[in-house]
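Structural features, examined
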Amino acid sequence: MTSKYIPADRLTAWLDELAASNRVLVPVRDNAAVAFQPYTGGDQELVLDTQATTPPKGSVFPASEPLMTFEYRKDEENPGKVDVAVQPTMEAAPTVVFGCRPCDARGFTIFDRVYNTDGMRDHYYAARRKNTSFVSLVCKETASSCFCHWVGEGPADTRGSDVLATPVGQGYVLEPITEQGKALVESKTLDNATQEQLDATAQVKQDARDSLGDAVDVSEAQEALLRLFDDMEFWQDVSAKCISCGACTYLCPTCYCFNITDESCGNQGFRIRSWDNCMSYLFTLEGSGHNPRPTKAHRLKNRVGHKFSYYPGLHEGLIACCGCGRCIKSCPVSVDIREIVLRAMETATAETKAS
Ligand code: SF4
Ligand code: SF4
């Protein structure tokens, strides 16, 4: 597929074109954060030189969405009988997410194995996933919290992206990855990339990968975390400073848990799905009052174990973390998932040697 080039000062012309037939989401400043919001035109200042504070997870899996409306209808001829009329609600407007990072787009490939398979299809998720395209930006500069290379990725990973945009000179080389991406770059606003620009792209990608340094081998993490499952002393120690705020889950591009609630007024209402947070005590509180994860140590064990052990155990070794580092950057007390995984591997190895 032919790669295209667009100078930075013509970028909004292309976004305007995309916005004519799509909802376009772009990273913009939102108070102290950078978040994906609807593109409103050339006056908007896009933030493309840094990773957004929040991932574009909500483009496909909104933080809160109505799943259906319901209405109770009383049968006047038979007062003991009440029918419920249910109407599914689903919004899946064609959407282009521009300026996310490769790890953000890759996050949806973790979702896909849970919500979009032949055996289990979440139709709300699947419809939006189908209608959403990702134009990901190669990370020219990486942050100290980035560790995508530990989990088998890199700053120019293409999995989950439809177009990979690489900053080159005063513009971007746009490399279509999928058929959807090919359609996005078929535009008179874009020029074909020159060989010189393509060569520069390869160098930018290599420099970005080199800036991360050597990857740490976490292939032993799956077994190590299972071995430490009942070692609550270990989990109490690594979770000691956690304040259970849930920032790590809400900002994670691969956390997919939700809760369902009904909101009604009179005889009508909505059934709403909202993101949930496994770091909260309430997440596993059962109706009986029993809570199988009663302490933050149990909850952090589940969060780390899910990403580096249980999910990989079910999905051919695939780690359910894309190494974006947001949980590290945003944790108010500096809990670092990398340190926990490394410590788990060291502890399990030491225990194995001692036994
Ligand atoms: S962001 Fe930090 S303090 Fe908050 S729940 Fe996650 S690990 Fe705990
Ligand atoms: S666990 Fe942390 S580093 Fe991994 S994908 Fe989630 S927020 Fe990013």
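Each chain carries its own residue numbering, running from 1 in the direction its sequence is written. The order in which chains are written sets their letters, starting at A; the order in which ligands are written sets their numbers, starting at 1. Only residues with pLDDT of at least 70 are given local features in this predicted model, and only at 80 or more are side-chain atom pairs given and counted; all residues enter the totals for whole chains, interfaces and linings. Computation of side-chain values: all heavy atoms of the structure, hydrogens and water removed.

Per an unreviewed UniProt entry, the chain goes by the name Hydrogenase and belongs to Oceanidesulfovibrio indonesiensis.

**Regarding a nonpolar patch on the surface**
So the rule is basically this: Residues with no salt bridge and a relative accessible area higher than 30% make up the patches, which join like charges within 9 Å and nonpolar side chains (Val, Leu, Ile, Met, Phe, Trp, Tyr) within 5 Å. Using a 1.4 Å probe, the Shrake-Rupley method yields the accessible areas, and only the shown protein chains count as cover for residues. Salt bridges are defined by distance alone: a side-chain nitrogen of Lys or Arg within 4 Å of a carboxyl oxygen of Asp or Glu. What counts as a helix is a DSSP run of H or I of at least four residues, what counts as a strand is a run of E of at least two, and both are numbered from the N terminus. Residue burial is assigned from relative accessible area. The probe radius is 1.4 Å, only protein chains are included, and a residue is buried under 20% of its type maximum, exposed over 50%, and partly exposed in between.
On the surface, a cluster of nonpolar side chains totalling about 350 Å² of accessible area is made up of Y72, V82, V84 and V86. Looking at which element gives the most residues to the nonpolar patch, the answer is strand β5 (residues 82-88), with 3 residues. Structurally, Y72 can be placed in strand β4 (residues 64-74). With a relative accessible area of 41%, Y72 lands in the partly exposed category.

**Points about the site of ligand 2**
The criterion, for reference: Being near a molecule or strand, for a residue, comes down to having at least one heavy atom within 4 Å of it. Using a grid of 1 Å spacing that covers the protein atoms alone, one calls a set of points a cavity when a 1.4 Å probe fits there but cannot get out, and a pocket when the set is open and has protein on both sides within 12 Å along at least five of seven lines; lining residues are those with an atom within 4 Å of a point. Each molecule is checked against the cavity or pocket grid, and it sits inside if more than half of its atoms lie within 2 Å of the grid points. Note that Gly is not counted as nonpolar here; it falls among the polar residues with everything else outside the nonpolar set of Ala, Val, Leu, Ile, Met, Phe, Trp, Tyr, Cys and Pro and the charged set of Asp, Glu, Lys and Arg.
By nearness alone, 13 residues border ligand 2, and C252, C321, C324, G325 and C327 come closest of all. A majority-of-atoms criterion places ligand 2 in the second largest cavity. The residue makeup of the shell around ligand 2, split by class, is 8 nonpolar, 3 polar and 2 charged.

**As for the sheet that holds strand β11 (residues 258-265)**
Pairing between the strands of a sheet comes from backbone hydrogen bonds, and it takes one of two forms, parallel or antiparallel. The line we're drawing: A pair of strands counts as paired when DSSP detects no fewer than two bridges linking them. Note on definitions: angles span 0 to 180 degrees between N-to-C directions of axes, and those axes are lines fitted to C-alpha atoms, for helices only across the stretch in contact. The contact rule is simple, with two residues in contact once any of their heavy atoms fall within 4.5 Å.
Pairing in this open sheet of 4 strands is antiparallel, and the strands run β5-β4-β12-β11 from one edge to the other. The sheet terminates laterally at β5 and β11, the two strands that pair on one side only. Between one strand axis and the next, the sheet turns by 25° as a mean value, whatever way the strands run. Where β4 meets strand β12 (residues 268-275), 7 bridges bridge the pair, whose relative direction is antiparallel. When the sheet's bridge partners are listed, E65 is paired in β12 with R273. Strand contacts of helix α3 (residues 123-131): β4, β5 and β12, with the helix running at about 135° to β4, the strand carrying the most contacts.

**Some thoughts on the site of ligand 1**
Taken together, C242, I243, S244, C245, G246, A247, C248, M279, C331, P332, V333 and V335 make up all the residues around ligand 1. When atom positions are compared with the pocket grids, ligand 1 is found to occupy the largest cavity. Residue composition of the shell around ligand 1, by class: 10 nonpolar, 2 polar and no charged.

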